[in-house]
Amino acid sequence: MAAEDRACTYARSVLRIIDDRTGQPVDAAPARRGLTRVEAHTEGFDVTALRVLLAADLLVRALELGGTPVWALLDEERQQAELRAGAAALGIRPFEDGRDATAGLGEAQVIHVVRAGGDAAPDGVRLAVAPVHSQAPPEDADPAALRLALLSPRRSTPMELDAAALADAHDTLVRWRHAVAAWARRPSRPIPDEVRAELRTAWEDDLDVPGVLGVLRWVESEPDLPDGARFETYAYADRLLGLDLTHDLGGLS
């Protein structure tokens, strides 16, 4: 593909999400460079609330990667301290208090991130997050592994958070961080155009994070890719995932 054709492809790249009210896809940022307000409604504190905040965090990251300015808000009156502490542990960036926020700042779009089947039914586009079947975050869980475990199923799929899911996420995270540290010692190479396109196609399709993770697994094992390109791919994807995949850089002897 010629350089000008690739530029046009990337320019037309649009993040689309499923509006829970209608079941139809909508543009997350309908106006180029227009402000998008992302408002999370957690309805108390539990693991599902953390999954709601994590989905909102991913949406903010994806919009920012596309050049969209974002105003991120938390609309919750209960257990705010617990929510904010749990979110910070998972690497979720701080949200402003949305209880007193008013419209009129020129938002081109307002997206409400809510529990699927929950009580919150605000006007506007709604991004629904399925429940997690676990009463409380495991106290001894590695926060980064918990983040990966919560990211692994599609947002619309209810999930069972158990010891097996956390152990699998932990093992994957350890393996990837070790690999990224090793790849970083090799000469840098650009991300292949087709790999970059597959990553963006996945996360711009209703934040298909499992699709992104699938691309990373392919990149990990594809024998024809240079290690420098693997490193750049993982570092790029981590701008969305927030898993600190470069954590072990400098730690290998």
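Above this text you will find the structure in question.
Residues numbered from 1 in each chain as written. Predicted model: local features only at pLDDT ≥ 70, side-chain atom pairs only at ≥ 80, totals over all residues. Heavy atoms only, no water.

Peer 1: Help me out: how do you make sense of helix α4 (residues 143–151) in this one?
Peer 2: Residue pairs three or four apart in sequence face the same way in an α-helix, which turns once every 3.6 residues. Counting buried positions along α4 yields eight of nine residues, so the element is predominantly enclosed. Buried residues along α4 sit against α2 (47–65), β8 (132–133), β9 (159–160), α5 (163–183), α7 (209–221) and α8 (227–241). (Buried < 20%, exposed > 50% of the residue type's maximum accessible area, 1.4 Å probe, protein only. Helix = DSSP H or I, 4+ residues; strand = E, 2+ residues; numbered from the N terminus. Contact = heavy atoms within 4.5 Å.)

Peer 1: Honestly, unusual backbone geometry in this entry has me stumped. Any pointers?
Peer 2: Glycine aside, the phi torsion of most residues is negative, and most peptide linkages are trans. Its identity as a non-glycine residue notwithstanding, Leu207 has a phi of 55°, on the positive side. In this fold, Leu207 is placed in the loop between α6 (193–203) and α7. With a phi angle near 55°, Asp244 is a residue other than glycine that sits in the positive phi range. Residue position: Asp244 is located in the segment after α8. With a relative accessible area of 36%, Asp244 lands in the partly exposed category.

Peer 1: What should I look at first to understand the packing of α4 against α5 in this one?
Peer 2: Helix-helix packing is described using two parameters, namely the angle between the two axes and the distance between the axes. The interhelical angle for the contact between α4 and α5, taken along N-to-C directions, is 110°, at an axis separation of 8 Å. Here α5 runs roughly perpendicular to α4, going by the angle between their axes. On the side of α4, the interface is formed by Ala144, Ala145, Leu146, Leu148 and Ala149, while α5 contributes Ala165, Leu166, Ala169, His170, Thr172, Leu173 and Arg177. In the contact of α4 with α5, the residues fall into nine nonpolar, two polar and one charged. (Axes fitted to C-alpha atoms, helices over the stretch in contact; angles between N-to-C directions. Parallel < 35°, antiparallel > 145°, perpendicular 65-115°, else oblique. Nonpolar A, V, L, I, M, F, W, Y, C, P; charged D, E, K, R; others polar.)

Peer 1: So what exactly am I meant to see when it comes to empty space enclosed by the protein here?
Peer 2: A probe as big as a water molecule, rolled over the atoms, marks out the empty space that is left. Applying the stated criterion to the full structure yields two cavities of 30 Å³ or more. Within this model, the largest cavity holds a volume of roughly 110 Å³. Taken together, Arg51, Leu54, Ala55, Leu58, Leu150, Leu151, Pro153, Arg154, Arg155, Leu207, Val209 and Pro210 make up the lining of the largest cavity. Here the lining of the largest cavity takes four residues from α2, the largest share from any one element. Looking at the lining of the largest cavity residue by residue, the class counts come to nine nonpolar, no polar and three charged. If you trace the second largest cavity, you find it lined by Arg154, Arg155, Ser156, Asp206 and Leu207. Of the residues that constitute the lining of the second largest cavity, the class distribution is one nonpolar, one polar and three charged. (1 Å grid on protein atoms, 1.4 Å probe; cavity = no way out; pocket = protein on both sides within 12 Å on 5 of 7 lines; lining within 4 Å. Points joined across faces, edges and corners; volume = space filled by probe spheres on them.)

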